[in-house]
Structure formats: C-alpha cells, structure tokens
Amino acid sequence: MTRLSFYKDKKVFITGHTGFKGTWLCHILLQAGAEITGFALEPPTTPSLFLQTKCAHNIHSITGDIRDRVALAKAVVNARPDIIFHLAAQPIVRLSYSKPVETYETNVMGTVHILEALRQSSSTLSFVNITTDKVYENREWPWGYRENETLCGFDPYSNSKSCSELVTYSYRNSFFSDEKSPAISTARSGNVIGGGDYAPDRIIPDCIRAAHNGAEIVLRNPHSIRPYQHVLECLSGYLLLAEKQYDNKTIEGAYNFGPDEESCVTTGKLAELFCTAWGSGVSMRVQGDNGPHEANFLKLDCSKAKTVLDWKTNWNIKTAIEKTVEFAKAATDTEQQICIDQQIKLYFDNCRC
Ligand SMILES: NC(=O)c1ccc[n+]([C@@H]2O[C@H](COP(=O)([O-])OP(=O)(O)OC[C@H]3O[C@@H](n4cnc5c(N)ncnc54)[C@H](O)[C@@H]3O)[C@@H](O)[C@H]2O)c1
C-alpha cells in the first residue's frame with residue numbers, strides 16, 4: 001500500500017493493542033509491513049476482536065499493566081521502537097463514574113509512565129498519545145472545538161484524558177524540547193464505530209447486540225450529536241501524524257481527527273441508519289434511564305489536521321455503518337479476519353490523503 005509505505009520495516013510500539021482501536025491499528029501496520037510490539041492488559045471484552053483475528057500470532061504481544069512503570073519501560077527499551085502509539089486507557093464514560101480512581105490511575109499515571117519510558121528510549125522519533133474529543137470543556141456549542149480551546153472534561157473519563165493532554169504538554173516542554181528529541185503529539189478523535197467493537201454502553205455495539213438477539217434497540221439519548229466516524233478514519237489520521245512528524249518535529253502538537261459536518265448526526269439518526277443497513281428484523285425505541293451526565297452536543301474542527309497534515313476523510317457515516325454491519329454479519333472468525341483485511345485494503349488503496 002503506497003499510502004503506508006513509510007511503515008514498511010518500521011518498529012512500532014503500541015499500548016492498548018488488545019483493544020478495539022489497537023487491534024485495527026495492528027492489522028493496518030501488519031499489512032504495511034511494520035514490526036509490532038504491543039503492551040496491554042488482556043483483551044477488555046468477550047468476545048474480542050484481538051482474539052477473533054488471532055492478532056497475537058503476528059506481533060510481539062506483551063501482557064502488562066501501564067500502571068507498572070518498570071515493566072512498561074523495560075518493554076519499550078527492549079523493543080527499540082521508531083514510533084510509539086499510546087492507546088491504553090480505561091475508555092468508558094459510565095465506568096469512570098463507578099471507578100474514578102482506577103480511571104485516573106490508568107489514564108493519567110499511565111501517560112506519565114509511557115512518557116518516562118520514552119525518555120529511556122534512544123530509538124524513538126515519533127510519539128502519538130491518543131486522547132479524545134471529550135478533552136474539551138463542553139459548552140454545548142453548535143460549532144466544532146479547536147485544538148487551542150480549554151481542556152476540561154466533565155466526567156472522570158473525559159477529565160482524565162484532559163489531564164493526559166496536560167501531562168503530554170508538560171513532558172514535551174520539559175524533557176523533549178531540543179530538536180533531536182522525538183516529536184510528541186496528541187490526537188483527539190470522535191466516537192468511533194467499526195467491526196469488532198464489543199464495549200458496553202456504546203451505541204453501535206448496543207445496536208448489533210440487539211439485532212443479533214432479535215431485541216429492540218433502546219436509545220438513551222436520541223438527540224445528542226457526536227462526531228461519529230469509522231475507526232479507519234481516525235487511525236489514518238494517527239498514522240499520518242506519526243509519519244509526518246517523524247522527520248519534522250516542528251509540526252508536533254495537538255490534532256483533532258473528526259468526521260465532516262454531514263457525518264455529525266444525532267444518536268437517533270445513527271440508529272436509524274443502522275436499522276436500514278441491517279435490513280429487516282430490527283427496530284428501536286427511546287427510553288431515558290436517568291443515567292449520569294453525558295455531553296449532548298460535541299463537534300470537532302479539523303482544519304488543522306487538514307491543513308498541516310493534508311489529512312482527508314474518506315468514509316462518511318453511511319459507509320461507516322455499512323462497513324460495521326458487513327463485519328457484524330460475518331459468521332466465523334476467519335470471515336471476520338478476511339473482512340477486516342479487505343476493508344483496510346479498500347480504505348488505504350483509495351485513501352485521498
Ligand atoms: N472507541 C472510541 O470511540 C474512542 C473515541 C475517542 C478516543 N478513544 C481512545 O482510544 C483509545 C483506545 O480505545 P478503544 O475503544 O480501543 O478501547 P478498548 O477498551 O477497546 O481498549 C483499551 C485498551 O487499553 C488496555 N488497557 C486498559 N487498561 C490498561 C492498563 N492498566 N494497562 C495496560 N493496558 C490497559 C486494554 O487492555 C485495551 O488493550 C483509548 O485511549 C480511548 O480513550 C476511543
């Protein structure tokens with residue numbers, strides 16, 4: 001794949017490689033010919049995309065906890081990576097209300113630990129910390145947030161990711177400021193959908209579970225608008241950022257990677273698109289559950305990624321849902337593995353960036 005030729009034979013270290021985004025990232029990089037070391041806890045869900053696609057067979061997969069600073073540093077130093085993507089996190093908003101301490105420990109101290117490991121790694125030139133669109137102080141604005149806006153997530157998850165941004169900012173200024181240091185960036189993307197996401201409390205996985213069980217889809221918050229995008233959209237952004245800053249430290253910083261305006265739809269519209277893509281036998285109803293606070297209106301302004309990196313979106317929300325349904329209907333692990341590989345190839349062969 002020409003678009004990813006930069007990654008051929010590159011050594012890439014990924015934290016959180018057993019999760020949803022991490023597994024997709026591994027498969028993209030495997031197609032590109034990279035040598036991958038992953039560091040993460042066991043897969044967070046059952047079933048798990050990581051196990052279904054037998055990802056561990058093709059990479060060096062280390063089971064470890066990012067709260068264990070020594071083990072993480074040892075893994076990084078031994079791997080001698082050219083590039084590091086930091087994805088390991090406790091990423092569920094609702095869980096962060098019941099487990100705030102663990103969420104902060106993992107998401108904030110985990111970031112400190114990977115940056116400490118980076119200080120010991122003489123080989124690495126490019127580091128990308130994956131945070132989220134939820135890092136911004138949400139003012140329920142109708143327009144998109146820019147990278148220079150106030151960071152102050154509301155709930156423990158979002159707030160821990162704002163803290164992770166601040167930690168990265170401080171480490172960049174304090175320890176990686178000279179021109180020979182690795183380039184260090186953070187990437188903020190929207191709500192991601194795609195095949196193999198089995199997380200609880202996420203709308204599309206909930207829709208798929210309902211469709212498979214012949215149950216009704218229950219919508220908690222049908223009017224909320226979020227920047228939904230296919231997982232390949234944001235991953236293409238992370239990969240482009242890591243590549244471009246590899247030999248150009250001047251572009252390091254914070255970058256938003258979100259969908260175009262037309263794909264920022266309400267949760268209700270998203271579920272409607274899902275029902276159409278799934279076909280007969282699925283329906284939905286609205287039922288508020290007095291759950292904890294979640295933002296209603298959230299969009300990202302991605303002008304910086306488009307201008308500085310020449311990043312472009314490729315799949316709109318309709319295509320993103322169709323591709324997710326295509327994966328969900330694949331009957332066996334082998335079919336799912338083939339489906340993912342084909343979708344990656346299709347995406348990057350036609351990638352506009
Ligand atoms: N999925 C989304 O919609 C979305 C949106 C924006 C940002 N993100 C961010 O992207 C990243 C990946 O999200 P995901 O959806 O793949 O989540 P996921 O839950 O599927 O994967 C999380 C990964 O982190 C690992 N992990 C968790 N705690 C750990 C610990 N203490 N030590 C080592 N590994 C640990 C898990 O084992 C897993 O590999 C996260 O940083 C998340 O905040 C996700």
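Calculation criteria
- Residues numbered from 1 in each chain as written.
- Predicted model: local features only at pLDDT ≥ 70, side-chain atom pairs only at ≥ 80, totals over all residues.
- Heavy atoms only, no water.
- Helix = DSSP H or I, 4+ residues; strand = E, 2+ residues; numbered from the N terminus.
- Rg over C-alpha atoms; globule rule 2.2 N^0.38 Å.
- Contact = heavy atoms within 4.5 Å.
- Areas by Shrake-Rupley, 256 points an atom, 1.4 Å probe, with all protein chains shown as cover.
- Lys, Arg positive; Asp, Glu negative; His and termini not counted.
- Charge placed at Lys NZ, Arg CZ, Asp CG, Glu CD.
- Near = heavy atom within 4 Å.
- Polar contact = N/O pair within 3.5 Å; in protein donor to acceptor, adjacent residues only side chain to side chain.
- Buried < 20%, exposed > 50% of the residue type's maximum accessible area, 1.4 Å probe, protein only.
- Pairing = 2+ DSSP bridges.
- Right-handed = clockwise from strand over helix to strand, strands pointing away.
- 1 Å grid on protein atoms, 1.4 Å probe; cavity = no way out; pocket = protein on both sides within 12 Å on 5 of 7 lines; lining within 4 Å.
- Points joined across faces, edges and corners; volume = space filled by probe spheres on them.
- Nonpolar A, V, L, I, M, F, W, Y, C, P; charged D, E, K, R; others polar.
- Phe/Tyr/Trp six-rings, centres within 6.5 Å; stacked < 30°, edge-to-face > 60°.
- Lys NZ or Arg CZ within 6 Å of the ring centre and 35° of its normal.
- Core = buried A, V, L, I, M, F, W, Y, C linked by side-chain atoms within 4.5 Å.
- Salt bridge = Lys/Arg side-chain N within 4 Å of Asp/Glu carboxyl O.

Caption draft 1: Region of the structure containing the overall build of the chain. From N to C terminus, the chain includes 12 helices and 11 strands. Its C-alpha atoms give the chain a radius of gyration of 19 Å, within 12% of the compact-globule value 20 Å for 353 residues. Sequence separation of 24 or more characterises 82% of the internal contacts of the chain that already satisfy a separation of 6 or more. On the chain, roughly 14700 Å² of surface is accessible, and the fraction owed to carbon and sulfur atoms is 51%. Side chains of the chain carry 37 positive and 40 negative charges; the gap between the two charge centres is 2 Å.

Caption draft 2: Geometry of the site of the ligand. For the ligand, the set of nearby residues contains 29 residues, the closest of which are Thr18, Ile66, Leu87, Tyr157 and Lys161. Between an oxygen atom of the ligand and a main-chain N or O atom of Phe20, the distance comes to 2.8 Å. In the environment of the ligand, an oxygen atom lies 2.6 Å from a nitrogen or oxygen atom belonging to the side chain of Tyr157. Burial of the ligand by the protein amounts to 94% of the accessible area it has alone, namely 830 Å². Contributing elements (two or more residues each) for the shell around the ligand: helix H1 (20-32) and helix H6 (156-175).

Caption draft 3: Here's a closer look at the pairing of strand S6 (residues 183-189). For S6, the tally of buried residues reaches seven of seven residues, placing the bulk of the element in the interior. Residues Ala183, Ser185, Ala187 and Ser189 line one face of S6 and the alternating positions Ile184, Thr186 and Arg188 line the opposite face, and both faces are buried. Where strand S5 (residues 126-130) meets S6, five bridges bridge the pair, whose relative direction is parallel. Bridge pairing in S6 places Phe127 opposite Ile184. Handedness of the β-α-β unit built from S5, H6 and S6 comes out right-handed. In this sheet, strand S10 (residues 254-257) lies alongside S6 in parallel orientation, the contact comprising four bridges.

Caption draft 4: Just the environment of Ser189, in detail. Looking at the element boundaries, Ser189 is found in strand S6. Classification of Ser189 by relative accessible area gives buried; the value is 2%. Considering only alpha carbons, one finds Ser189 and Cys302, 113 residues apart in sequence, at a separation of 9.5 Å. Discounting residues that sit within four places of it in the chain, Ser189 has contacts with Lys21, Thr132, Asp133, Gln229, Cys234, Tyr238, Phe257 and Leu300. Of note is the side chain of Ser189, whose polar atom sits 3.2 Å from the side chain of Lys21. Of note is the side chain of Ser189, whose polar atom sits 2.8 Å from the side chain of Tyr238.

Caption draft 5: Up close: empty space enclosed by the protein. Under the defined criterion, the tally for this structure stands at one cavity of 30 Å³ or more. Taken as a whole, the largest cavity encloses approximately 30 Å³ of empty space. Lining of the largest cavity is provided by His86, Leu87, Ala88, Thr106, Asn107, Thr111, Asn129, Ile130, Lys161 and Ser164. Listing elements by their share of the lining of the largest cavity, those giving two or more residues are helix H5 (100-120), S5 and H6. Broken down by element, the residue count for the lining of the largest cavity peaks at three residues, all from H5. Per-class residue counts for the lining of the largest cavity are three nonpolar, six polar and one charged.

Caption draft 6: Structural context of the packing of aromatic side chains. Inspection of the entire model under this criterion finds 12 aromatic pairs. Judged by centre distance (6.1 Å) and plane angle (75 degrees), the rings of Tyr238 and Phe257 are edge-to-face. With Tyr238 in helix H8 (residues 231-246) and Phe257 in strand S10, the pair connects residues that are 19 residues apart, well separated along the chain. For the ring pair Trp315 and Tyr347, a centre distance of 5.1 Å and an interplane angle of 85 degrees mean the geometry is edge-to-face. With Trp315 in the loop between helix H10 (303-309) and helix H11 (317-328) and Tyr347 in helix H12 (residues 333-349), this pair connects stretches of sequence that are 32 residues apart. Judged by its relative accessible area of 12%, Trp315 is buried. The exposure class assigned to Tyr347 is buried, which follows from its relative accessible area of 1%. Among the aromatic side chains, those forming a connected cluster through ring pairs are Tyr136, Trp141, Trp143 and Tyr145. For Lys10, the ring lying beneath its charged end belongs to Tyr246, and the centroid distance is 5.4 Å. Above the plane of the ring of Trp278 lies Lys329, whose end atom (NZ or CZ) is 4.7 Å from the centre.

Caption draft 7: Representation of the nonpolar core. In terms of nonpolar packing, the biggest core is built from 57 residues, with Tyr7, Leu29 and Phe85 touching the most fellow members. When residues in this core are grouped by element, the largest group, 10 residues, is from H8. Setting aside anything within four residues of it in sequence, one finds Phe85 in contact with Tyr7, Val12, Phe13, Ile14, Thr15, Leu25, Leu29, Val128, Tyr238, Leu239 and Ala242.

Caption draft 8: Spotlight on the pattern of salt bridges. A full pass over the atoms with the stated rule returns 18 salt bridges. The salt bridge involving Lys269 is made with Glu272; its shortest N-O contact spans 4.0 Å. Here the residue Lys269 and the residue Glu272 both occupy positions in helix H9 (residues 267-278), the gap between them amounting to three residues, near one helical turn. Three or more residues are tied together by salt bridges with common partners; here these are Asp65, Arg67 and Glu105.

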